[in-house]
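Structural characterization, general
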Amino acid sequence: MTALVDCNSFYASCERVFRPDLKDRPVVVLSNNDGCIVAMSREAKELNLPRGAPLFKVQKLLDQAGAVVFSSNYTLYGDLSRRIMEILESFTPHLEVYSIDEAFLELRGSLEELEDQACTIRDRVFSWVGIPVSVGIGETKTLAKIASHRAKKNAGNICIPTPSQWPDILKETDVKEIWGIGRQYGQKLHSKEIHTAADLILQEDSWVKKNMTLVGLKTLWELRGKPSFTLEETPPPKQGIMSSRSFSFPVTEMEDIMEAGADYASRAAEKLRAQNSACRVIHCSVMTNPFRESDRQYARGMTEQLSFPLSYTPSIVSVVHRQLEKLYRPGFRYKKIAVFLSEIEPAREGQLDLFYKKDSRNDAVMEAVDRINNRYGRHSLHCMPLRPGSRWQMKRERLSPLYTTSWKDLPVVRCGAPLLKQRGPG
Amino acid sequence: MNSYPKSLPTAYFLSDPPVQWEIPEKENTRGIPCYADLIKAGFPSPAADYREEILDFNAYLVQNPASTFTVRVEGDSMIDEGIRSGDLLIVDRSIPPGDGMVIVAILYGEFTVKKLVRKGGRLWLYPGNPAFDPVRIELEMEFQVWGVVSHVIHRFLAGRSALS
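Residues numbered from 1 in each chain as written. Chains lettered and ligands numbered in written order. Predicted model: local features only at pLDDT ≥ 70, side-chain atom pairs only at ≥ 80, totals over all residues. Heavy atoms only, no water.

This brings us to the UniProt feature "domain: UmuC" (unreviewed entry) in chain A. Per the UniProt record, "domain: UmuC" (unreviewed entry) is annotated on residues 2–182 of chain A. Counting secondary structure, residues 2–182 of chain A comes out at 42% helix and 19% strand; the distance between its end C-alpha atoms is 21 Å. (UniProt positions renumbered as here; feature names shortened; annotations may be inferred. Helix = DSSP H or I, 4+ residues; strand = E, 2+ residues; numbered from the N terminus.)

All names here are of chain A. Between helix α11 (residues 254–274) and helix α12 (residues 313–327), the shortest axis-to-axis distance is 9 Å and the interhelical angle comes to 145°. For the pair α11 and α12, the sense of crossing is right-handed. On the side of α11, the interface is formed by M254, I257, M258, G261, A262, A265, S266, A269, L272 and R273, while α12 contributes T313, I316, V317, V320, H321, L324 and E325. Residue classes in the contact of α11 with α12 are distributed as 11 nonpolar, four polar and two charged. (Axes fitted to C-alpha atoms, helices over the stretch in contact; angles between N-to-C directions. Left-handed = near helix turned anticlockwise from the far one by under 90°. Contact = heavy atoms within 4.5 Å. Nonpolar A, V, L, I, M, F, W, Y, C, P; charged D, E, K, R; others polar.)

Residue and element names in this part refer to chain A. With mixed pairing, five strands are arranged side by side in an open sheet as β5-β6-β1-β7-β8. In the strand order of this sheet, the two ends are held by β5 (95–99) and β8 (158–159), each with one partner. Note: strand β1 (residues 2–7) against strand β7 (residues 133–138), six bridges, orientation antiparallel. By the bridge assignment, D6 is partnered in β7 with S134. Along the sheet face, helix α5 (residues 111–129) touches β1, β6 (102–106), β7 and β8 and points at about 160° away from the line of β7. (Pairing = 2+ DSSP bridges.)

Residues and elements named next belong to chain B. Put simply, chain B has an average pLDDT of 77, and 64% of its residues get 70 or more. Confidence drops under a pLDDT of 50 for residues 1–22, and excluding neighbours within four residues, the segment shows 56 contacts in the predicted structure. The low-confidence segment residues 26–39 (pLDDT under 50) makes 22 contacts with residues lying over four places distant or belonging to another chain. Predicted complex metrics record ipTM = 0.73 and pTM = 0.75. (pLDDT = per-residue confidence, 0-100.)

Before going further, it helps to examine the nonpolar core. One finds L88(A), L105(A), I131(A), L89(B), V113(B) and W146(B) to be the most contacted residues of the largest nonpolar core, which totals 57 residues. With residues up to four places along the chain from it excluded, the contact list for L105(A) reads M1(A), T2(A), A3(A), V5(A), L88(A), F91(A), T92(A), H94(A), L95(A) and I121(A). The next biggest cluster of nonpolar side chains, apart from the first, holds 33 residues, and it includes M258(A), A268(A), V319(A) and L327(A). (Core = buried A, V, L, I, M, F, W, Y, C linked by side-chain atoms within 4.5 Å. Buried < 20%, exposed > 50% of the residue type's maximum accessible area, 1.4 Å probe, protein only.)

To continue, consider the packing of aromatic side chains. Within this structure, the stated rule accounts for 19 aromatic pairs over all chains. Aromatic side chains Y74(A) and Y77(A) sit 5.7 Å apart centroid to centroid with 85° between the ring planes, which places their arrangement in the edge-to-face category. You can see Y74(A) and its partner Y77(A) sitting in helix α4 (residues 74–89), three residues apart, about one turn around the helix. For Y77(A), a relative accessible area of 0% corresponds to the buried category. With 6.2 Å between their ring centres and 65° between their planes, W124(B) and Y126(B) make a pair best called edge-to-face. The class for Y126(B) is partly exposed, based on a relative accessible area of 24%. Grouping aromatic residues by their ring pairs yields a cluster made of F18(A), Y403(A), F69(B), F111(B) and W146(B). (Phe/Tyr/Trp six-rings, centres within 6.5 Å; stacked < 30°, edge-to-face > 60°.)

Right, dumping it as structure tokens:
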């Protein structure tokens, strides 16, 4: 059987682990640059804010509700996620980490044994890490997804339907909510009078394959209880790596653009090396803010095919700089730049090109750089001087401390107010 | 729909029976190497064969990495227990709290360090300083055990570490 373990309001729950005072208060987490709301606690969801609302539009409402607002603290979320995945690994060797807050597990046993395991998983993750999770179990990944969705609404946050319960559940499941179908396809299916998962499983295989491609067909089989998506225990290397961000202020100077370009290129190169790959194509783009209608608009990108695969940061940064020099036009207010690496292949040893002799010392340097940055934090070593507080850097005004990964950010426990005789015996 | 009587626990409450959990075996690779074989005095060192042995402080302080957190202490209500202001506490959330253990508790939405004491059928939070009074836990109190303190790290040389 396949179980989906899904953290409840993960980012908001992470913020609460070291802030017990936030237990019943609405908590929201903002996107990069503090722009929009990306995560909400249950209490915040009850305020019925529009999904992805920009902070400034809902600030007043949040203040009235006594909500607490955080910048996204991916260092903290990543550390707590790693702990949770480590706990889940102790239940089964067959585990797919699907996202930062979700994992598929292969579990065995009778319905009763599965229920026991699900309760243990839920209780252990909550006690050990402080994050509430929901567990949904079904014959296939798609069914486990549906079960976990329902588990979130149960008091116990666990849902393991018996075979006789599934038909009713499928009748209550909108096709839009099925894993891998989504809103757009869902709309199309609705127009063909296919509203629920129960409607969908009645369709002919050939019709589904024709109208919804092979993935749709596999989804159909999964809904019927036939496993068709296997666990991807080690995710395949990414075929494209994107590193981009919006600036919190309009950026006008070339120096800032170049600095941001070097930083994004370094970040992308780091990801490339982390999966042992190299890329053959580098794409770079710049754009102004289309929502500022009074501004003159400009957007342009550039792609460069390399004659040999690269993963060495200084080489990638110099390609990106060469591109940005051509893309940059003075007089515009830039909103965003992006670096995209593609045609990714496994990094190989030895001579790669007749005219290019690889310097093996580069690999050693990059390995050392990656190790230092992993240990002492990003930006410990980088490829271009970063001036402190330069304008393109991320706006994170409401960042919570790095409670678990930084010595100076450790949570503080207060050892009693001095001489306060309170609530004593007798 | 299945409904489960076992509701979501908010960590350990007073009535909860102690739970024993098995701890996943985990290799700990970081550590302090013993540089015995670096002493070269003109003849092969007999210690060279023991090069693999490492004193690993992580393994000593952390039994269960997934559930172990570090917090810093501020205040002097636990000095008699050997916990002083500025010390680091290693807190293991997988250890079931028991009588006489030092715990990090949440009391009315705030973290506090106290000794958990069972006396006369009641639970108490005992400070380690006569200037403070013990707190008796009442059912209606907003109280929760956050984790059990397993070690305290106290630094003797002030200003010698980057950790403050």
